[in-house]
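Residue strings, one per chain:
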Amino acid sequence: MDAVRVALLREVLAGTEWLGATRRFAGALRASAVAHGGGLLLVGTPEYEPWHLAAHLVDEAAWSGTPELAPTLVRHAARASDPAHLAVGLGRLAAARHGETLLVVSPDEPGAPLLERVHDVRRAGATVLALGTGEGELTTMAHEALAVPQGGELDLDTVQHLVSAAAGENAVPSGRGRGRFRDRLSRLAESLTAPPPPRW
């Protein structure tokens, strides 16, 4: 979803709780990643890998000049033969430390093995954020959570677009106003005419 579509979606959602909720969550994500500077880890479930969110956050990090927003995608079935950005396995969570941020994206309540790893990450001093159903142990464990109920007015993928866009925008110094939106459109046009990036 490009900047124009995000802007249109925001117009449609004006007056709902979603704009404020996604901006607050994005602000917490940005604040944790930037303030601590230890790195942003992103993990899903064995059935749902948030690679699309990872790609958008990498773009937002570049566009906003905030490299701390570029996540490390942690995968359940990573292989050493995968490209470097896709080869980080669950062992990375065991190495998480104070100052790092873990964002867990899950359309359902994660299973016990992932919850145990998230608990260990939190106990090690990392900040835990959750994007999912808003119910269960993951939400209780998270320092900040954004609930996306199944069957609600927005699906998880759409909310991820809103969060990633807000994280990048909030990182841009205030006072640039409409120029900020034009800058993003200009960068979008440049990216559309540039050679394709490596595949996620």
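Before going into details, it helps to say that this report is about the structure given with it. By convention here, each chain's residues receive numbers from 1 onward along its written sequence. With the structure being a predicted model, the display of local features is reserved for residues of pLDDT at least 70 and the display and counting of side-chain atom pairs for 80 or more, all residues being used for whole-chain, interface and lining totals. Side-chain measures were taken over the full set of non-hydrogen atoms in the model, leaving aside hydrogen atoms and water.

### Some thoughts on the overall build of the protein chain
For helices the rule is a DSSP run of H or I covering at least 4 residues; for strands it is a run of E covering at least 2, with both sets numbered from the N terminus onward. Each helix and strand counted, the protein chain has eight helices and five strands in total. Order of helices (α) and strands (β) in the protein chain, N terminus to C terminus: α-α-β-α-β-α-β-α-β-α-β-α-α. To sort residues, take the accessible area from a 1.4 Å probe on protein chains only and compare it with the maximum for the residue type: under 20% means buried, over 50% means exposed, and anything in between is partly exposed. Here the protein chain holds 200 residues, and the buried ones make up 42% of them. Residue pairs in contact within the protein chain that sit at least 24 positions apart in sequence constitute 68% of those at least 6 positions apart. Only carbon and sulfur atoms are counted for the fraction: they give 54% of the accessible area of the protein chain, which is about 10,100 Å². The criterion used for residue contact is that any of the two residues' heavy atoms lie within 4.5 Å. A 1.4 Å probe and the Shrake-Rupley method give the accessible areas. Residues count as covered only by the protein chains that appear here.

### Section: the pattern of salt bridges
When a carboxyl oxygen of Asp or Glu lies within 4 Å of a side-chain nitrogen of Lys or Arg, that pair is called a salt bridge. Enumeration according to the criterion identifies five salt bridges in this entry. Between Arg-75 and Glu-49 there is a salt bridge, with its nearest N and O atoms 3.1 Å apart. Here Glu-49 lies in the loop between strand E1 (40–43) and helix H3 (51–64) and Arg-75 lies in the loop between strand E2 (71–74) and helix H4 (91–94), a separation of 26 residues in the sequence. Under the relative-accessibility criterion, Arg-75 is labelled buried at 15%.

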